[in-house]
Amino acid sequence: MTFSKSDENIDKIVEILKSGGVAVVPTDTVYGFSGIVDLTGNPAYKTDGKIRRIKGRDENKPLIQLISKPEEVYLYSAVKIPENIIKYWPGPLTVIVPVKEDSPLADKCPTVAFRCPGDKWLRTVIEKCGAPLYSTSVNRSGSPVLEAFDEIESEFGNEADVVVDDGDKKGSLPSTLILLEENGFKILRQGAVKI
């Protein structure tokens, strides 16, 4: 199923995601596979496994989690993100932080890579879902990221539950990825944000 990226289609896409579906959505960088992060124990929300099966990805490699507002990171982590870093949110920056013990994510992994995307439409989708969304680039594991919408639809249209059309994303860079450490941060991938 394919929808155009429009405000009129947001509720339909949210409904698919809330039913445990996997969506291909445009972001402020490249297209990404997305699914709701399980915060409640809902068996429908095992979307990380579905995404990995589609990509053929190593089962243990963690996925980025997208949030709708910068301050939402503190629902899941007690680590204060420095002002010179969080100022890039919303935007193409991913920050790896430790998960706090009372977070609903605590039993899943010790750290999580969060991003508050610069795309307002996508932030609205995340907000309406009521939970973070997993995100990873649209490609088979080990293959280049797909930039042309026609290629994405042809390759994954029968595997994803919905594909959202926002045209081609030629030459788009992935998000910059940083790891917060006690004495600062380490750049793991220099991407769309220059730090």
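What you see is a predicted model, and the numbers here were worked out from it, not measured in a lab. (Residues numbered from 1 in each chain as written. Predicted model: local features only at pLDDT ≥ 70, side-chain atom pairs only at ≥ 80, totals over all residues. Heavy atoms only, no water.)

**Student:** Would you mind going over a nonpolar patch on the surface with me for this structure?
**Tutor:** There is a patch of nonpolar side chains on the surface, built from Phe185, Ile187 and Ile195 and spanning about 200 Å² of accessible area. The residue Ile195 is located in the segment after β10 (184-189) in this model. By relative accessible area, which is 31% here, Ile195 ends up partly exposed. (Patch = residues over 30% accessible without salt bridge, like charges linked within 9 Å, V, L, I, M, F, W, Y side chains within 5 Å. Areas by Shrake-Rupley, 256 points an atom, 1.4 Å probe, with all protein chains shown as cover. Salt bridge = Lys/Arg side-chain N within 4 Å of Asp/Glu carboxyl O. Helix = DSSP H or I, 4+ residues; strand = E, 2+ residues; numbered from the N terminus. Buried < 20%, exposed > 50% of the residue type's maximum accessible area, 1.4 Å probe, protein only.)

**Student:** What am I meant to see in the nonpolar core here?
**Tutor:** Most often, soluble globular proteins keep nonpolar side chains buried together rather than apart. Val24, Phe33, Ile81, Trp89, Val95 and Phe114 are the most contacted members of the largest nonpolar core, which totals 34 residues. Elements supplying a minimum of two residues to this core: α2 (47-55), α3 (83-86), β5 (93-98), β6 (111-115), α5 (149-156) and β9 (176-181). In contact with Val24, not counting residues within four places along its chain, are Tyr31, Gly32, Phe33, Val138, Ile152, Ala160, Val162, Val163 and Val164. Formed by 24 residues, the second largest nonpolar core is a distinct cluster that contains Ile13, Leu66, Cys129 and Val162. (Core = buried A, V, L, I, M, F, W, Y, C linked by side-chain atoms within 4.5 Å. Contact = heavy atoms within 4.5 Å.)

**Student:** It is not clear to me how the sheet that holds β6 should be interpreted in this structure. Could you clarify?
**Tutor:** Strands belonging to one sheet form pairs held by backbone hydrogen bonds; the direction of such a pair is parallel or antiparallel. The mixed open sheet is built from 10 strands, whose spatial order is β1-β8-β2-β3-β7-β4-β6-β5-β9-β10. Across the chains shown, the open sheet's two edge strands, defined by having one partner strand only, are β1 (2-4) and β10. Direction aside, neighbouring strands of the sheet carry axes that sit 30 degrees apart on average. Pairing analysis gives 3 bridges linking β1 to strand β8 (residues 162-165), with the strands arranged parallel. Each bridged residue has a counterpart across the sheet, and for Thr2 the counterpart in β8 is Val163. Packing of helix α1 (residues 10-18) onto the sheet brings it into contact with β1, β2 (23-25), β3 (32-36), β7 (133-137) and β8, and relative to β3 it is tilted by some 65 degrees. (Pairing = 2+ DSSP bridges. Axes fitted to C-alpha atoms, helices over the stretch in contact; angles between N-to-C directions.)

**Student:** Could you clarify how one ought to interpret the side chain of Asn139 in this entry?
**Tutor:** Following the sequence through the fold, Asn139 ends up in the loop between β7 and α5. Here Asn139 falls in the buried class, since its relative accessible area comes to 7%. For Asn139, the side chain forms a polar contact with the side chain of Ser137, separated by 2.7 Å. In this structure the side chain of Asn139 is engaged in a polar contact, spanning 2.8 Å, whose partner is the backbone oxygen of Ser143. Residues in contact with Asn139, not counting those within four places in the same chain, are Phe33, Lys55, Pro144, Val145, Leu146 and Phe156. (Polar contact = N/O pair within 3.5 Å; in protein donor to acceptor, adjacent residues only side chain to side chain.)

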